[in-house]
Amino acid sequence: MINYIIQLLLFQTLFLAVYDLFLQKETFFKWNRIYLLVTPMLSFIIPLLKLESFRQTVPQDYMVYLPEVVINPQVLIEKSSSLEIIFGAASIIFYVGIGLFFILFLIRLTKILKLIFSSKSIKKDNYTLIVLDEKQSAFSFFNYIFINNNLLENQDLQIIQHELIHCKHRHSLDLLYFELLKIVLWFNPMVYVYQKRITLLHEYISDAEVVKETDKIEYFSKLLAETFNVENISFINQFFKHSLIKKRIVMITKEKSQKIKQLKYLLVAPLLLSMLLLSSFESNSIENLKNIPLGNDTFFKEDTAALKTLDSIKQENVVPFALIENAPVFPDCVGDEEKLRTCLQEKIANHVSANFNPGLAKELGLKTGLKKVFVMFIIDDEGNIIDVQAKAPHKKLEEEAIRVINSLPKMTPGINKGKMVGVKYSLPIAFMVEGEKQEGIDANNESKVNPLYILDGKEISKEELNKIDAKIIKSMNVIKGEEALKKYGDKGKNGVVEIVIKQ
C-alpha cells in the first residue's frame, strides 16, 4: 500500500511538471482541461497495471528474500503487537482525516445552499441569478450565478456573461471532482495543486469567450477596477480572484498558440511509457516472491544499507528467481513447485532456529534489545551452499551465521531451460538479547510486567512460549484494556497474547 501511494504521488507530480513546463501557457484550453481531468485518474490506475510485455524488458531480481527467522518467538509477538498498534493508529488518522474533510465540504455546500434559499432569485432561461445584498461578490455554482445587487443595477453584463460560460461548460463538475479527491486523499498535496490549475484554466476559458464579443481594454478595466469580497470556497467559479488576475490578463493578451504546438501533448506518451515501466518493475520485484509464504514478519529489503555491503556475490550462472523454471529443492521435500518452495523456506528456517546460538550475543557483551544478522548465499548449479556472507553487530555473530548456513545439506539445484543453475538468497535472522534480571526487574532497572499468554485456549508461561518454534505459529492476537479484562478477568489486566498453533 505504501509503495502504491508513493507511485501515485510521483506520477501526479510528473504529470503536473509536464503541464507547468510545456502546456500551461498555451491557448489549447480544451485539451488542457482534458489533461488535468484525466491524468489524476491515470495516476491511480497505472500502479495497478501489470503488463507482461513490460515485465520481460525490465531487469529481474537476482535474489530471493526469504522470510525472517525469529530465534525467540517472543520477539515476533512483540514486533507484531507494535506493528499492529502503528498500522491501527495510521488507519484511524486516515479515516479521521476523511471524516473531517467531508464535514468541511458539507459546511461549504451548506453555505452555498443557504445563499440560494435565503436570497432573492431571478429565473432566466438557462440559469438563475441569486442577488446578494451584503456580499460584494460574483461567482457561479452549476446554473446559479451569484451577483451583488449593485453590480446588477449597474448592468455589469460582462460579469454575468463570464459566469454563464462557467455554467455552460459545467466547470462546477470539475471542481467537485477534485473536492472528492481531496476528501479521499486529503494528505496528498498534488490534489490541491491540480485544483488550483483547473480553477485558473476555467477563468482562461471564460475570458477567451467573453473577449470575442467585447473590447479587451474595457474588459481589463473591469477586472482591475473592481475589488470583490469573494467567497472562500474552492468549488465555486469566482469572477474576481486577486491571485489569478495578472495571469488572466497575460493570457487574454496572448496570441493564439500555433497548431503545431499541439505536438507538445505527445510528451505524454514517453511519460506514460516510463510510468508503466516503473510500475511493472516494482510489480515484478514483488512477483519474484509470489511462491514464498511471507507471513506476518517478513524481511523485505528493510535494511538496504546492510544488503548493499553484502551484495558482491558473483553472478556467474546465477539466474533471476522470477525466471527459474524449477527452484532448488531441500532434501525430503515433495509436492508441486509451490509446495517445494514453501518446504525449502521452512526447512532452512528450522535448520537456522535449531543451530544458531543466540546466547553468543550475550557472551559478547552486546546491549540488550533486538539484534539482526543478514546473510546472503548461493545454492549453486550442483546444489552446494557457496559464497556465504553475513552482516551483524559483531564479527563472531557473522561467523556463527556463516557456520550455520554452511551446515545446510546439499540441495537439488534449480533448473532453467533444462540446465542446472544457481540461485541467490538473502536471509535475515532476528533474536533478542536479554539483560540480567532480578526478581521482576530487568537490566534497565525497569519493572517487568508480562502479559497473559494463551496457547490454543490454555494459559502458558513465558518460558513455555519461548520454547515454541515460530514456524508452527498459525496466528497471534493481542488484546488489551477492557476487552482483555472482560474475557480473562483480572489475569488480563496487563494484556493478553492469544496464540494458535498450526494443526
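What you see is a predicted model, and the numbers here were worked out from it, not measured in a lab.

A. Molecular detail of the pairing of strand 6 (residues 144–148). Here strand 6 lies mainly inside the structure; four of its five residues are buried. As paired elements, strand 4 (residues 128–132) and strand 6 share five bridges and run parallel to each other. Bridge pairing in strand 6 links Leu129 to Ile145. The pairing of strand 5 (residues 138–141) with strand 6 spans four bridges and is antiparallel. By the bridge assignment for strand 6, Ser140 is matched with Ile145.

B. Looking closely at the state of the cysteines. As enumerated under the stated definition, the model contains one disulfide in all. The disulfide partner of Cys333 is Cys343, and the S-S distance across this bridge is 1.9 Å. Between Cys333 and Cys343, the S-S torsion sits near -75°, and that sign places the bridge as left-handed. Here the residue Cys333 occupies a position in the loop between helix 12 (304–310) and helix 13 (337–355), and Cys343 occupies one in helix 13, the gap between them amounting to ten residues. Across the pair, exposure class does not vary: Cys333 and Cys343 are buried alike.

C. Broad picture of the confidence of the model for the protein chain. Of the residues in the protein chain, 75% have a pLDDT of 70 or more, and the chain-wide mean is 78. Low pLDDT, under 50, characterises residues 56–60; the stretch is placed with twelve contacts to residues that sit more than four places away or in other chains. Segment residues 282–304: pLDDT under 50, and 49 contacts once partners within four positions in sequence are set aside and those in other chains are kept.

D. Local environment of the nonpolar core. Counting residues in each nonpolar core, the largest one holds 39 residues, and the members touching the most others are Val352, Phe356, Val373 and Phe377. Of all elements in the fold, only helix 13, helix 14 (359–363), strand 8 (369–379), strand 9 (385–391), helix 15 (395–406) and strand 12 (423–433) reach the threshold of two or more residues within this core. Not counting residues within four places of it along the chain, the set of residues in contact with Val352 comprises Val69, Ile71, Val404, Ile405, Leu427 and Ile429. Grouped together as the second largest cluster of nonpolar side chains are 37 residues, Phe15, Phe28, Tyr35 and Ile252 included.

E. Structural detail: a positive patch on the surface. A cluster of basic residues, Lys30, Lys168, Lys212, Lys256 and Lys259, forms a positive patch on the protein surface. Relative to the helices and strands, Lys168 resides in helix 6 (residues 157–168). On the basis of relative accessible area, Lys168 is assigned to the exposed category, the value being 60%.

F. Examining the packing of aromatic side chains more closely. Under the defined criterion, the tally for this structure stands at 15 aromatic pairs. Between Phe139 and Phe146, the aromatic rings sit 4.6 Å apart at their centres with planes inclined by 15°, giving stacked as the arrangement. With respect to class, Phe139 is no different from Phe146; both count as buried. On the numbers, 4.9 Å between centres and 70° between planes, the contact of Tyr177 with Phe178 is edge-to-face. The buried category is assigned to Phe178, whose relative accessible area is 0%. Feature note: the residues Phe94, Tyr95, Phe101, Trp186 and Phe187 constitute an aromatic cluster, connected by ring pairs.

G. View of unusual backbone geometry. A positive phi angle, close to 55°, is found at Arg170, a residue other than glycine. Tracing the sequence through the fold places Arg170 in the loop between helix 6 and helix 7 (171–184). Looking at Arg170, the relative accessible area reads 57%, which means it is exposed. One non-glycine residue, Asp332, lies in positive phi territory at about 75°. Locating Asp332 in the fold gives a position in the loop between helix 12 and helix 13.

Thresholds applied
Each chain carries its own residue numbering, running from 1 in the direction its sequence is written. Local features in this predicted model are restricted to residues whose pLDDT is 70 or higher, and side-chain atom pairs enter the listing and the counts only when it is 80 or higher, whereas totals over whole chains, interfaces and linings include all residues. By convention in this description, side-chain values take in all heavy atoms of the structure and omit both hydrogens and water. The buried label goes to any residue with under 20% of its type's maximum accessible area, the exposed label to any with over 50%, and the partly exposed label to all in between, with areas taken from a 1.4 Å probe on protein chains only. A run of DSSP states H or I qualifies as a helix once it reaches four residues; a run of E qualifies as a strand once it reaches two. Both are numbered from the N-terminal end. Each pair of strands is called paired provided DSSP finds at least two bridges between the two strands. For the purposes of this analysis, a disulfide is any pair of cysteine sulfur atoms at a distance within 2.5 Å. The predictor reports its confidence for every residue as pLDDT, a score running from 0 up to 100. In what follows, a contact means two residues having at least one pair of non-hydrogen atoms within 4.5 Å. By nonpolar core we mean a set of buried residues, namely Ala, Val, Leu, Ile, Met, Phe, Trp, Tyr and Cys, connected to one another through side-chain atoms within 4.5 Å. Each patch is assembled from residues with relative accessible area greater than 30% and no salt bridge, linking like charges that lie within 9 Å and nonpolar side chains (Val, Leu, Ile, Met, Phe, Trp, Tyr) that lie within 5 Å. What sets the accessible areas is the Shrake-Rupley method with a 1.4 Å probe; for residues, cover comes only from the shown protein chains. For this analysis, a salt bridge means a side-chain nitrogen from Lys or Arg found within 4 Å of a carboxyl oxygen belonging to Asp or Glu. We treat Lys and Arg as the positive residues and Asp and Glu as the negative residues; His and chain ends play no part in the count. Throughout, a charge is located at the NZ atom of Lys, the CZ atom of Arg, the CG atom of Asp or the CD atom of Glu. A pair of aromatic rings is counted whenever rings of Phe, Tyr or Trp (Trp by its six-membered ring) have centres within 6.5 Å, and the orientation is called stacked for planes under 30 degrees apart, edge-to-face for over 60 and tilted otherwise.

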